[in-house]
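# Residue-level structure breakdown
Spelled out, the chains give:
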Amino acid sequence: MTINWTEIENKWRTKWQDNKDFETNPNDKPKKFITVAYPYPNSPQHIGHGRTYTLADVHARFYRMKGYNVLFPMGFHYTGTPVLGMARRIKAGEKEILDGLRNIYHVPEDAIKTFVEPIKIADYFHEEIKSGMIEMGYSIDWRREFTTIVPGYQKFIEWQITTLKEKNRIIQGSHPVGWCPVDQNPVSQHDTMGDVEPKIDDKNFLIKFKLGDSIFPITTLRPETIFGITNLWVNPNTVYKKVSVDGEEWIVSEECAKKISFFEKKVEITGEIPGSEIIGKTATNHDGREIPVLSAEFVEPNMGTGLVMSVPAHAPKDYQALMDLKAENHELASKLEPIPIIVTEGYGEFPAKEICEKMGVSDQSDNKLDEATKELYLKEFTDGKLNDKCLQFDGEKVQFGRDKIRVWLQENNHLEKFPVLENAPVRCRCGAECVVKVLNNQWFLNYGDEEWKELARNCLDEMNILPNNIKTEFVEVIDWLHERACARQQGLGTKLPWDNDWIVESLSDSVIYMAYYTLSRFVNDGTVQPENLTKEFFDYVLLDKGDVSLAASTSKLSEDVINTMKKEFTYFYPVDSRHSGRDLVQNHLSFFVLNHVAIFEKNLWPQEIVVNGSVMMDGAKMSKSMGNIIPLRAAIKDHGADPIRLAIISSAELLQDADFNMESVSGIQSKLESLLEECSRLKKGEIGELQAEDRWILSKTQSKIAEITEAVEKMRLREALHDILFTFETDLSWYQKRMQSKGREDVSGILHQINSVRVTMLSPFAPHVAEEMWQNLGNSELVSKSRWPEYSADKVDAASIQAEELLKSTMDDIANILKVTKITPKKIVIYVNSDEVKSKIYRKMLSIMVGGQNNMGVVMKELIADPNTTDAKKMPDFVQKTIKDLHSESEDIKKMKLEAESFNEKEFLKSELSSMGQKEFGVNIEVYSESDEDIYDPKGKARHARPFKPAILIE
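Residues numbered from 1 in each chain as written. Predicted model: local features only at pLDDT ≥ 70, side-chain atom pairs only at ≥ 80, totals over all residues. Heavy atoms only, no water.

## Remarks on the overall build of the protein
To keep it simple, the criterion reads: Under the scheme used here, helices are H or I runs from DSSP no shorter than 4 residues and strands are E runs no shorter than 2 residues, and both carry numbers assigned from the N terminus. Any two residues whose heavy atoms approach within 4.5 Å are treated as being in contact. To be clear on the numbers: accessible area is Shrake-Rupley with a 1.4 Å probe, and residue cover counts the displayed protein chains and nothing else. Neither His nor the chain termini are counted; the positive set is Lys and Arg, and the negative set is Asp and Glu. Charge positions are represented by NZ for Lys, CZ for Arg, CG for Asp and CD for Glu.
Counting its secondary structure elements, the protein contains 33 helices and 32 strands. Taking the principal axes of its C-alpha atoms as reference, the protein extends roughly 110 × 80 × 55 Å. For the protein, long-range pairs separated by at least 24 residues make up 76% of all intrachain contacts whose partners lie at least 6 apart in sequence. With the model as given, the accessible surface of the protein reaches about 40,300 Å², and the carbon-plus-sulfur share is 47%. If you average the places of the 119 positive and of the 149 negative side-chain charges in the protein, the two averages end up 2 Å apart.

Right, dumping it as structure tokens:
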């Protein structure tokens, strides 16, 4: 059956829309509030974007079917500068961006002409993205839609930012930020090409040496090493600049002069000096010691100040560079010896020398030096202690002494901060390379505050994070976060209420917006106007502060309206599950936690965060330059929404990067087409007396319900989908084989029941085609409104599952023997175990191995220790083979065997094998137990029978 995807999807989307199935208000049901990061509309969504939203939609649909009242809303993030930079590049006629709009996204020329206005870009792609979300079947309550520049939302942001300031979470001061020198604005992830978050290392310091009358400044991450300096390095091929910096004359590289001009310093280039003229001179350090300047071509002018200090006792690169000069009989270098200042367990007096020799470093260009540096620096930081050459800091642990020495040098005007971009180069969307700028009188969220961090850690401790192993990334981000600019002077957004020269920065206005979803429908339908949304209104509705009469008097709203809105917020909040991509852990998702704990009481803190990886296309990262970006709407048009949804989900588990390819889409289309055809043939029918295979397939269906439900709850969606599409298929194929061998035609009722369960569980994943299947199965209501199947332990017949597993494994063993021997069988004989001793040992081994114990020695020790199974020591071969048997079985099967009553293997196989044997192998199969008096056993095979592992004779 070939499916017309467009026709089916339009049909069911229209029904959902007409029924208003996804519009929800407070009711008597338990609720689930599921949100996903709203998109920034500066381009259409491609298949990669579809992953996060599809996963969230599956989650929402699943909980709806579980009986929850699910709110799944959507907004659009207009705030910030990306569309400004984009409009500027379009106005300038930049070829790359225009080619992308025309050839990848197929934007009409008349629309492109309007894109010189930033708002036109956002509006156009807003509608594109929304249309794609509707076409993908996302179960969104669109009544709550908003953009971040509508007046109602801006009132909400004014309240949010004012509340943070009142709680002393916003400070004004001087701090380093990522900065676009063209846009003259701080930049964050959404402002940069490739969505790169500028990471600032503010633990980089500049130490001031003297060279004659000039300052000779050198950057370092390790200020404690000043006591071990032997020399300074200068690149002889670099022409350095003489620069007036706040009245002092510095000698630095030209690149450094540009950097420090953004540090709120008065910078003027006054002259220049070649590096070759500096070499051989001496500089003076903090205590007046003369330090020689040596030549080193490895010194890069764009790194730090373009000058390097040498600590060869503890820096592998410095040690090797010094040794290289000594090997050339360099006169000055030959007089220098490393000065050890750190004592570290496991290393001798000169750690850098030791690690270079251990790793076989050949010269200063050896790549192994990076690894040596990383290993030694970490070891010295965590375990090292400063020695007596470090004066008053003698005996201090490096990790504590470092800060004390930094403060001491700073107080004596020998040190300044020199923040750098850790992940440079980072480019603004306007095309300019970003720098670090120290902003004065800027407004900052004080994320460096330790009390605030501790609240966030408490929230993370009590929150469910999926997958759990990403929790450490959140903890690390909370640890390193420091002050973050929350305002800028360009872009779309909300003005700071107390300083209208500034606009609230785009990541700062997207941290608690989920709360606004609960109120936005009242603004959208005209029940309230933006001017009604006063501070007292928000305080009462969202924080339960003040009283309703005060909120009513300031907002000019009736108390009934205010209490209705408060009821809506109180019912839906807190957020039950927040979905986003892994790239937002380092900013948005961590800010989401920090701002919630700052503003709301603990009972309103978020309950769960779900993080997913990105999407690759045929093994490569999606990018315009690779030419592998497929717009989501184009993919839907060509292949159907459900196949795209399933291909995205089936390509990886949650945190893995999904590798999407069109071949998988075709395979999924075929699978869905065959399942739809199957559903068209099945009719509801009476289920008569159950036979062995019926009890098995019904029990297996219950097991699958339990497994798939757990997988979806834990967002192991690839696993759940694989079970629905393929494991069910495997089980049904075996069932078909069983009933065909018996010539049965009375199973339509069972098949209808099982496929009904299967289609119900497929519904959150492939909602459109599942509705069509459900209808074909004879149902009048929608499957998306039906109840998710409930697991019932009473419906699981453990004996039938282990019996059928025995039958399958026996048939497989016969088939494997025939495949290896290549004989045509005339007689097949099966021998089942009837030795009571073996049976006791087997059951004891089951009890030991449930839980994963497979060690022969451990198992044997426990068997011998039990008086009932002590005979195991005489049967090591049996024990070893049984361990192998059990090791190959699933944990569930082992548990079932252990919990079930023993059953008669001989009687079961005798009754069920004959028809299967004749059908599969063309002969009848005889079954004996090893103790039968009339046994036919010419080769003595029977004694090899083990519980659930019959011996086989084929003649």
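Next comes the rest of the account.
## Things to note about the packing of aromatic side chains
The condition is simple: Paired rings are identified among Phe, Tyr and Trp, the last through its six-membered ring, by centres lying within 6.5 Å, and are further divided according to the angle between planes into stacked (under 30 degrees), edge-to-face (over 60) and tilted (the rest). Classification of residues uses two cut-offs on accessible area relative to the type maximum, computed with a 1.4 Å probe and protein chains only: under 20% is buried, over 50% is exposed, and between them is partly exposed.
Tallied over the full model, the rule gives 37 aromatic pairs. Note on F227 and F393: the rings are 6.4 Å apart at their centroids and 50° apart in plane angle, and the pair reads as tilted. Of this pair, F227 sits in the loop between strand 7 (214-220) and strand 8 (231-234) while F393 sits in the loop between strand 16 (385-386) and helix 13 (398-411), placing them 166 residues apart in sequence. For the pair F227 and F393, one class covers both residues: buried.

## Examining the side chain of S800
Inclusion rule: Side-chain atoms alone can form a polar contact between residues adjacent in sequence; in general such a contact is a pair of N or O atoms within 3.5 Å, and within protein one must be able to donate a hydrogen while the other accepts it.
Along the chain, S800 falls in helix 28 (residues 798-821). Accessibility expressed as a relative area gives 8% for S800, which makes it buried. Within the structure, the side chain of S800 is placed 3.5 Å from the backbone oxygen of R695, a separation counted as a polar contact. Apart from the residues lying within four places of it in its own chain, the contact partners of S800 are A692, R695, W696 and S699.

## Digging into the pairing of strand 25 (residues 577-581)
Inclusion rule: For crossovers, right-handed means that the path from the first strand over the helix to the second runs clockwise, given strands pointing away from the viewer.
Burial runs high along strand 25: five of the five residues are buried. The two faces of strand 25 match: S577, H579 and G581 on one face and R578 and S580 on the other face are all buried. For the segment spanning strand 25, helix 20 (residues 585-599) and strand 26 (residues 608-612), crossover handedness is right-handed.

## Regarding the sheet that holds strand 20 (residues 464-466)
To keep it simple, the criterion reads: Any two strands are treated as partners once DSSP identifies two or more bridges connecting them. A fitted line through C-alpha atoms serves as each axis, taken over the contacting stretch for helices, and the angle formed by two N-to-C directions is quoted from 0 to 180°.
Here we have five strands laid out as an open sheet, ordered 2-1-25-26-20, and parallel in their pairing. At either end of the open sheet lies a strand with only one pairing partner, and these are strand 2 (69-71) and strand 20. Between one strand axis and the next, the sheet turns through 15° on average, direction left out of account. Note that strand 20 and strand 26 share three bridges and pair parallel. Note that in strand 26 the partner of I465 across the bridge is I609. Helix-sheet contacts for helix 20 involve strand 25 and strand 26, and the interaxial angle to strand 25 is about 165°.

## A short note on the nonpolar core
Under the convention used in this document: Put simply, a nonpolar core is a bunch of buried Ala, Val, Leu, Ile, Met, Phe, Trp, Tyr and Cys residues held in one set by side-chain atoms that sit within 4.5 Å of each other.
With 225 residues, the main nonpolar core has F156, F600, L762, F765 and I830 as its most contacted residues. Setting aside chain neighbours within four positions, we find I830 in contact with T810, I814, L909, L913, I925, E926, V927, Y928, P950, A951 and I952. Among the nonpolar cores identified, the runner-up in size contains 40 residues, and I226, I229, I278 and I405 belong to it.

## Focus: the sheet that holds strand 4 (residues 185-186)
Pairing in this open sheet of four strands is antiparallel, and the strands run 4-3-19-21 from one edge to the other. Looking at which strands have only one partner, the edges of the open sheet turn out to be strand 4 and strand 21 (484-485). When strand 3 (residues 170-180) meets strand 4, the two strands line up antiparallel, connected through two bridges. Its bridge partner being in strand 4, C180 is matched across the sheet by N185.

## Brief notes about the packing of helix 12 (residues 368-383) against helix 13
Cut-off, in case you're wondering: Angle categories are assigned with fixed cut-offs, so that under 35 degrees is roughly parallel, over 145 is roughly antiparallel, 65 to 115 is roughly perpendicular, and the rest are oblique. Three classes are used: nonpolar for Ala, Val, Leu, Ile, Met, Phe, Trp, Tyr, Cys and Pro, charged for Asp, Glu, Lys and Arg, and polar for all others, with Gly counted as polar.
At a closest axis distance of 6 Å, the pairing of helix 12 and helix 13 adopts a crossing angle of 85°. When the interaxial angle is binned, helix 12 and helix 13 end up roughly perpendicular. Between helix 12 and helix 13, the contacting residues are E380, F381 and T382 on the first element and V398, Q399 and R402 on the second. Looking at the contact of helix 12 with helix 13 residue by residue, the class counts come to two nonpolar, two polar and two charged.

## Some words on the side chain of S510
Following the sequence through the fold, S510 ends up in the loop between strand 24 (499-504) and helix 16 (514-524). At 3.3 Å, the side chain of S510 and the backbone oxygen of S506 are in polar contact. A distance of 3.3 Å separates a polar side-chain atom of S510 from the backbone oxygen of L507. In this structure S510 touches Y38, H77, Y153 and H588, once residues within four positions along its chain are discounted.

## Description of unusual backbone geometry
The amide bond that connects A424 to the next residue, P425, takes the cis arrangement and shows omega of 0°. For P425, the position within the fold is in the loop between strand 18 (420-421) and strand 19 (435-445). A positive phi angle is found at N168, which is not glycine, with a value near 60°. Note that N168 resides in the loop between helix 7 (151-166) and strand 3. Overall, the relative accessible area of 61% leaves N168 in the exposed class. Positive phi values are uncommon outside glycine, yet M715 reaches one of about 60°. Inspection of the secondary structure puts M715 in the loop between helix 24 (692-713) and helix 25 (717-742). On the basis of relative accessible area, M715 is assigned to the buried category, the value being 2%.

## Describing the packing of helix 24 against helix 28
This is how it is decided: By convention the crossing between two helices is left-handed if the near helix lies anticlockwise of the far one by an angle smaller than a right angle, and right-handed if it lies clockwise.
Helix 28 packs onto helix 24 with a crossing angle of 110° between their chain directions and a minimal axis gap of 8 Å. Here helix 28 runs roughly perpendicular to helix 24, going by the angle between their axes. For the element pair helix 24 and helix 28, the recorded crossing hand is left-handed. Contact residues: A692, E693, R695, W696, S699, K700 and S703 in helix 24; S800, I801, E804, E805 and K808 in helix 28. For the contact of helix 24 with helix 28, the residue count by class is three nonpolar, three polar and six charged.

## With respect to the pairing of strand 8
Both faces of strand 8 are covered, namely the face carrying N231 and W233 and the face carrying L232 and V234. Pairing analysis gives four bridges linking strand 8 to strand 14 (residues 307-310), with the strands arranged antiparallel. Considered in strand 14, the bridge of N231 is made with S310. Of the pairings in the sheet, the one linking strand 8 to strand 13 (residues 290-295) comprises three bridges and is parallel in character. Paired with L232 across the bridge in strand 13 is V293.

## So, helix 33 (residues 905-921)
This is how it is decided: An expected span of 1.5 Å times one less than the residue number is assigned to each helix. We define the bend at each residue as the angle formed by axes fitted to the 7 residues ending at it and the 7 residues starting at it.
Over its 17 residues, helix 33 runs only 21 Å from end to end, short of the ideal 24 Å by more than 12%, given 1.5 Å per residue. Bending of helix 33 peaks at approximately 45° at the position of L913. Restricting attention to buried positions, one finds in helix 33 the residues E905, K906, F908, L909, E912, L913, S915, M916, G917 and F921. The inward-facing, buried residues of helix 33 abut helix 24, helix 25, helix 28, strand 30 (828-832) and strand 31 (925-929).

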